[in-house]
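Chains, contacts and geometry: an overview
Okay, here's what each chain looks like letter by letter:
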Amino acid sequence: MSDGVLHTPDGRYIIVKGRLWRATNPQLSEKERQDLVDQLMDARRAVKSAKDDPDALRQARARVDAAKRALGERGPVSWHDGAPDLNRKMVRNTPYAEWHAALDT
């Protein structure tokens, strides 16, 4: 995964400031992924512009959530091997700790 973001060896997470964040479902086609990213960006812009309208804000946030779930970044995990979801955990407190520490040496 050479998109400039550090991914765990299994590709399930990206690492941002030492924290694991669930990566996009690798089973999505590039077109599906891009369409969902476009929807997510549109929804995020809607959140920003809805600051004075509580109903519009709620709807925009629901669109963000729906896009993130469709991307696999929220909701059920995309893998089926029984491994736990470590989303938002500090990498140093996970099974990836040793691998991550070795990157600094």
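Right above here is the structure, for reference.
Residues numbered from 1 in each chain as written. Predicted model: local features only at pLDDT ≥ 70, side-chain atom pairs only at ≥ 80, totals over all residues. Heavy atoms only, no water.

**Re the overall build of the protein**
Put simply, the test is: The helix count covers DSSP runs of H or I at least four residues long, the strand count covers runs of E at least two residues long, and both are numbered beginning at the N terminus. Note on exposure labels: buried denotes an accessible area under 20% of the residue type's maximum, exposed denotes more than 50%, and partly exposed covers the range between, all computed with a 1.4 Å probe on protein chains only. Any pair of residues with heavy atoms lying within 4.5 Å of one another is described as a contacting pair. Positive charges come from Lys and Arg alone, negative charges from Asp and Glu alone, with His and the N- and C-terminal ends not counted. To locate a charge, take NZ of a lysine, CZ of an arginine, CG of an aspartate or CD of a glutamate.
Within the protein, the regular secondary structure consists of 3 helices and 2 strands. Ordered by position from N to C terminus, the α and β elements of the protein give β-β-α-α-α. For the protein, buried positions account for 31% of its 105 residues. The long-range share in the protein, meaning contacts at least 24 apart out of those at least 6 apart in sequence, stands at 60%. Across the protein, the 19 positively charged side chains and the 16 negatively charged ones have centroids separated by 6 Å.

**Overview of the pattern of salt bridges**
Worth spelling out the cut-off: When a carboxyl oxygen of Asp or Glu is within 4 Å of a side-chain nitrogen of Lys or Arg, the pair counts as a salt bridge.
Per the counting criterion, the structure on display carries 10 salt bridges. Its salt-bridge partner being arginine 12, residue aspartate 81 comes within 2.6 Å of it at the nearest N-O pair. A residue pair is termed long-range when its members are at least 10 positions apart, and aspartate 81 in the loop between helix H2 (54–71) and helix H3 (97–103) and arginine 12 in the segment before strand S1 (13–16) qualify at 69 residues. Between arginine 58 and aspartate 55 there is a salt bridge, and its shortest N-O distance comes to 2.3 Å. One end of the pair is arginine 58 and the other is aspartate 55, both in helix H2 and 3 residues apart, which spans about a single turn. In this structure arginine 58 comes out as exposed when scored by relative accessible area, which is 53%. The network of salt bridges with common partners includes Asp10, Arg12 and Asp81.

**As for the pairing of S1**
The following threshold applies: DSSP calls a pair of strands paired once it identifies at least 2 bridges connecting them.
A one-sided burial pattern is seen for S1, the buried positions being Tyr13 and Ile15 and the unburied ones Ile14 and Val16. Here S1 pairs with strand S2 (residues 19–22) via 4 bridges, running antiparallel. Paired with isoleucine 14 across the bridge in S2 is tryptophan 21. Connecting the antiparallel pair S1 and S2 is a turn made up of 2 residues, with lysine 17 showing a positive phi of about 50°.

**Quick word on the environment of arginine 61**
For arginine 61, the location among the structural elements is in helix H2. Classification of arginine 61 as exposed rests on a relative accessible area of 52%. For the pair arginine 61 and lysine 89, spaced 28 residues apart in sequence, the C-alpha to C-alpha distance is 23 Å.

**A short note on the packing of aromatic side chains**
We apply this condition: For this analysis, a ring pair means two rings from Phe, Tyr or Trp (six-membered ring only for Trp) whose centres lie within 6.5 Å, classed as stacked if their planes differ by under 30 degrees, edge-to-face if by over 60, and tilted for the remaining angles.
Applying the stated criterion across every chain yields a total of 2 aromatic pairs. Ring centres of tyrosine 13 and tyrosine 96 lie 5.8 Å apart, and the angle between their planes is 70°; on these two criteria the pair is classed as edge-to-face. Linking tyrosine 13 in strand S1 with tyrosine 96 in the loop between H2 and H3, this pair joins segments that are 83 residues apart in sequence. According to the relative accessible area criterion, tyrosine 13 is buried, its value standing at 1%. Residue classification places tyrosine 96 among the buried positions, given a relative accessible area of 12%. Here the aromatic cluster, defined as three or more aromatic residues joined through ring pairs, consists of Tyr13, Trp79 and Tyr96.

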